[in-house]
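Next come the chains, spelled out residue by residue.
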Amino acid sequence: MNIYLISVGNRMPRWVVEGYEEYAKRLPGECALQLMEITPGHRGKNADTVRTIRDEGQRMLKAIPKGCRVIALDVTGKAWNTEQLSARLAQWMADGRDLALLVGGPEGLAPECLAAAEMRWSLSPLTLPHPLVRVFLSEQLYRAWSLMRNHPYHRAG
């Protein structure tokens, strides 16, 4: 199974790139993680934020590979603990479809992206900076895989 992290944003700080890549490279081919960056729209003074979000959403939807299960990362989504995420990952892998995880820009995902998603996943009730989400998400996917495969990385206390 391929996991596509489709995220608004580019030109990330080095610590974000290195953090994401560290965990993405640890994941085996059975659940390979691939980043697909969506160029953010114009923000700032006099920006049309509604249009920006809509345009980003359209580009995200076009980037989703055919046949993927789509999960929107959204604060209103369902939160899972590590064990629940590990069980979900096992189900997704058994399903045989690839997975697309959508991460919006500073204002979140376009309504069209939320509507296209089979489910919404909340990483936290806190507002997380979008660059940090990449690192956090890649680590949590690796942790869920390691728990599923009884790898020593995950040690519940």
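Everything below is about the structure printed above this text.
Described below are features of the structure shown in this document. Remember, it's a predicted structure, so these values are computed and weren't measured experimentally. (Residues numbered from 1 in each chain as written. Predicted model: local features only at pLDDT ≥ 70, side-chain atom pairs only at ≥ 80, totals over all residues. Heavy atoms only, no water.)

For the protein chain, the count of helices and strands is five helices and five strands. In the protein chain, the succession of helices and strands from N to C terminus is β-α-β-α-β-α-β-α-β-α. Counting only residues that meet the buried cut, the protein chain has 45% of its 157 residues in that class. Counting only carbon and sulfur atoms, one obtains 52% of the accessible surface of the protein chain, whose full area is about 8400 Å². Computing the positive centroid from 20 side-chain charges and the negative centroid from 16, the protein chain places the two 1 Å apart. (Helix = DSSP H or I, 4+ residues; strand = E, 2+ residues; numbered from the N terminus. Buried < 20%, exposed > 50% of the residue type's maximum accessible area, 1.4 Å probe, protein only. Areas by Shrake-Rupley, 256 points an atom, 1.4 Å probe, with all protein chains shown as cover. Lys, Arg positive; Asp, Glu negative; His and termini not counted. Charge placed at Lys NZ, Arg CZ, Asp CG, Glu CD.)

Okay, the sheet that holds strand 2 (residues 32–38) next. Judged by pairing direction, the sheet is parallel, and its five strands sit side by side in the order 2-1-4-3-5 without closing on themselves. Edge positions in the sheet fall to strand 2 and strand 5 (119–121), since each of these pairs with one other strand and no more. Going from strand to strand, the sheet's axes swing by 30° on average, the running direction of each strand aside. As paired elements, strand 1 (residues 2–8) and strand 2 share seven bridges and run parallel to each other. Looking across to strand 2, one finds that L5 is bridged to L35. Each of strand 1, strand 2, strand 3 (69–78), strand 4 (99–103) and strand 5 touches helix 5 (residues 130–148); the most contacted strand, strand 1, lies at about 165° to it. (Pairing = 2+ DSSP bridges. Axes fitted to C-alpha atoms, helices over the stretch in contact; angles between N-to-C directions. Contact = heavy atoms within 4.5 Å.)

Compared with the 21 Å implied by 1.5 Å per residue over 15 residues, the 21 Å span of helix 2 (residues 49–63) between its first and last C-alpha is a close match. When helix 2 is considered as a whole, its buried residues turn out to be T52, I53, E56, G57, M60 and A63. Down the axis, helix 2 shows its buried residues gathered within 130° of arc, on one side only. Facing away from the buried side of helix 2 by over 90 degrees, the exposed positions are V50 and K62. Where the residues of helix 2 are buried, they touch strand 1, strand 2, strand 4 and helix 4 (111–116). (Expected span 1.5 Å × (residues − 1). Arc of directions from axis to C-beta.)

So, about the side chain of S122. Within the fold, S122 resides in the loop between strand 5 and helix 5. In this structure the side chain of S122 is engaged in a polar contact, spanning 3.5 Å, whose partner is the backbone oxygen of V75. Aside from chain neighbours lying at most four places away, what touches S122 is D74, V75, G77, K78 and A79. (Polar contact = N/O pair within 3.5 Å; in protein donor to acceptor, adjacent residues only side chain to side chain.)

With 27 residues, the main nonpolar core has I3, L89, L101 and W121 as its most contacted residues. Elements represented by at least two residues in this core include exactly strand 1, helix 1 (14–26), strand 3, helix 3 (82–95), strand 4 and helix 5. Judged by nonpolar contacts, the second largest core, of 18 residues, contains V8, L102, L109 and L114. (Core = buried A, V, L, I, M, F, W, Y, C linked by side-chain atoms within 4.5 Å.)

Put plainly, two cysteines are in a disulfide when a covalent bond ties their sulfur atoms together. With the rule as written, the count across this model stands at zero disulfides. In this structure C31 is not part of a disulfide, and its nearest cysteine sulfur, from C68, lies 14 Å away. Between C113, a cysteine without a disulfide, and C68, which holds the nearest cysteine sulfur, the sulfur-to-sulfur distance is 14 Å. (Disulfide = S-S within 2.5 Å.)

On to the packing of aromatic side chains, then. Taken as a whole and judged by the stated rule, the model has four aromatic pairs. Consider the rings of Y23 and Y142, whose centres lie 6.3 Å apart with planes at 40°: the pair is tilted. Taken as a pair, Y23 in helix 1 and Y142 in helix 5 lie far apart in primary sequence, 119 residues in all. Both residues of the pair, Y23 and Y142, belong to the buried class. Taken together, the aromatic side chains of Y23, Y142 and W145 make up a single cluster linked through ring pairs. (Phe/Tyr/Trp six-rings, centres within 6.5 Å; stacked < 30°, edge-to-face > 60°.)

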